[in-house]
Amino acid sequence: MSEDHRPMLPRRRPFWVVVLAVMLVFGFYQEKAKIQLNHYTQVMEQYPEFANFSKEMRAQWWAENPQPLRIHYYIMRGTWDGFHGMTLAQLKRLKWGLSVLILLAFFALDGLFLKTTGHIDRWPWLIVMYGLSGTIMAIFITLVPGRSGYGVAHEFLAFLQSPLPSLFIVLVPSLIERMQVIR
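Let me sum up the structure you'll find in this document. (Residues numbered from 1 in each chain as written. Predicted model: local features only at pLDDT ≥ 70, side-chain atom pairs only at ≥ 80, totals over all residues. Heavy atoms only, no water.)

1. Thoughts on the packing of helix H1 (residues 15-46) against helix H4 (residues 88-116)
Logical step 1: Relative orientation of the contacting elements H1 and H4 amounts to 170 degrees, with a least axis distance of 10 Å. With respect to their mutual orientation, H1 and H4 come out roughly antiparallel.
Logical step 2: For the contact of H1 with H4, the per-class residue count stands at 20 nonpolar, 6 polar and 5 charged. (Axes fitted to C-alpha atoms, helices over the stretch in contact; angles between N-to-C directions. Helix = DSSP H or I, 4+ residues; strand = E, 2+ residues; numbered from the N terminus. Parallel < 35°, antiparallel > 145°, perpendicular 65-115°, else oblique. Nonpolar A, V, L, I, M, F, W, Y, C, P; charged D, E, K, R; others polar.)

In structure tokens form, the structure reads like this:
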């Protein structure tokens, strides 16, 4: 099949729909996990004595002093019990380690999406997109102190941890190709 006649999203091989669904579900749950981790870390920083409690005492304190957090339409009331046994330093390492693993998982899912849609030849664009986004995140975290730099970096990370990179790589060039054929 020539490049001009290649379908954007093939209907005869709809496995890409499964990959897209996995990306959306995984994206929701990984974001929820990171929010819980960040929230637990913030509570620990807000109440320094809480950090010195034993695992059992932390669990009891959390049950007696719920720390609800409103996130848009959702109110998070609980937390993962595993956090109670971790130090603040361990929680921060877990946050960064989890971010790296999630980013690698999304890179693999993006590649799988390109493969299942028949556009694996565009994988270099995926590397460029991740590289540029990573560079921008590093610049903002390094050069813009505080919440502003972190906020911009977080938005780029959220972009990479979604189906958007692979959708852009599949849809934008395909639409441009079709516009050139119309002329």
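2. Observations regarding a nonpolar patch on the surface
Logical step 1: Taken together, Val25, Phe28, Tyr29, Tyr73 and Tyr74 make up a surface patch of nonpolar side chains, about 590 Å² in accessible area.
Logical step 2: In terms of residue count, the dominant contributor to the nonpolar patch is H1 (3 residues).
Logical step 3: Within the fold, Phe28 resides in helix H1.
Logical step 4: Given a relative accessible area of 42%, Phe28 falls into the partly exposed group. (Patch = residues over 30% accessible without salt bridge, like charges linked within 9 Å, V, L, I, M, F, W, Y side chains within 5 Å. Areas by Shrake-Rupley, 256 points an atom, 1.4 Å probe, with all protein chains shown as cover. Salt bridge = Lys/Arg side-chain N within 4 Å of Asp/Glu carboxyl O. Buried < 20%, exposed > 50% of the residue type's maximum accessible area, 1.4 Å probe, protein only.)

3. Here's the deal with the packing of H4 against helix H5 (residues 123-143)
Logical step 1: In the contact formed by H4 and H5, the axes pass within 10 Å of each other and the chain directions differ by 155 degrees. Judged by the angle between their axes, H4 and H5 are roughly antiparallel. The interaxial crossing formed by H4 with H5 has right-handed handedness. Residues Trp96, Leu103, Phe106, Phe107, Asp110, Gly111 and Leu114 of H4 pack against Trp123, Leu126, Ile127, Tyr130 and Ile141 of H5.
Logical step 2: Considered class by class, the residues forming the contact of H4 with H5 number 10 nonpolar, 1 polar and 1 charged. (Left-handed = near helix turned anticlockwise from the far one by under 90°. Contact = heavy atoms within 4.5 Å.)

4. Let's talk about the side chain of Gln67
Logical step 1: You can see Gln67 is positioned in the loop between helix H3 (55-64) and strand E1 (69-71).
Logical step 2: The exposure class assigned to Gln67 is buried, which follows from its relative accessible area of 15%.
Logical step 3: At a separation of 2.9 Å, a polar atom in the side chain of Gln67 contacts the main-chain carbonyl oxygen of Asn65.
Logical step 4: Those residues in contact with Gln67 that sit more than four places away from it in its chain are His39, Val43, Tyr47, Trp61, Trp62 and Met76. (Polar contact = N/O pair within 3.5 Å; in protein donor to acceptor, adjacent residues only side chain to side chain.)

5. A few points about the environment of Ser162
Logical step 1: Relative to the helices and strands, Ser162 is located in the loop between helix H6 (147-160) and helix H7 (164-182).
Logical step 2: Judged by its relative accessible area of 12%, Ser162 is buried.
Logical step 3: Taking C-alpha positions, Ser162 is 33 Å from Ala63, a pair spaced 99 residues apart along the chain.
Logical step 4: In this structure, Ser162 is in contact with Met23, Phe106 and Asp110, ignoring residues within four places of it in sequence.
Logical step 5: Polar contacts involving the side chain of Ser162 include one to the main-chain carbonyl oxygen of Phe159, which spans 2.6 Å.

6. Considering the packing of aromatic side chains
Logical step 1: Inspection of every chain in the model, using the stated rule, returns 14 aromatic pairs.
Logical step 2: Pairing Trp16 with Phe113 gives two aromatic rings, centres 6.2 Å apart and planes at 85 degrees, and the pair type is edge-to-face. You can see Trp16 sitting in helix H1 and its partner Phe113 sitting in helix H4, a full 97 residues away along the chain.
Logical step 3: Residue classification places Trp16 among the buried positions, given a relative accessible area of 14%.
Logical step 4: In this structure Phe113 comes out as buried when scored by relative accessible area, which is 0%. (Phe/Tyr/Trp six-rings, centres within 6.5 Å; stacked < 30°, edge-to-face > 60°.)

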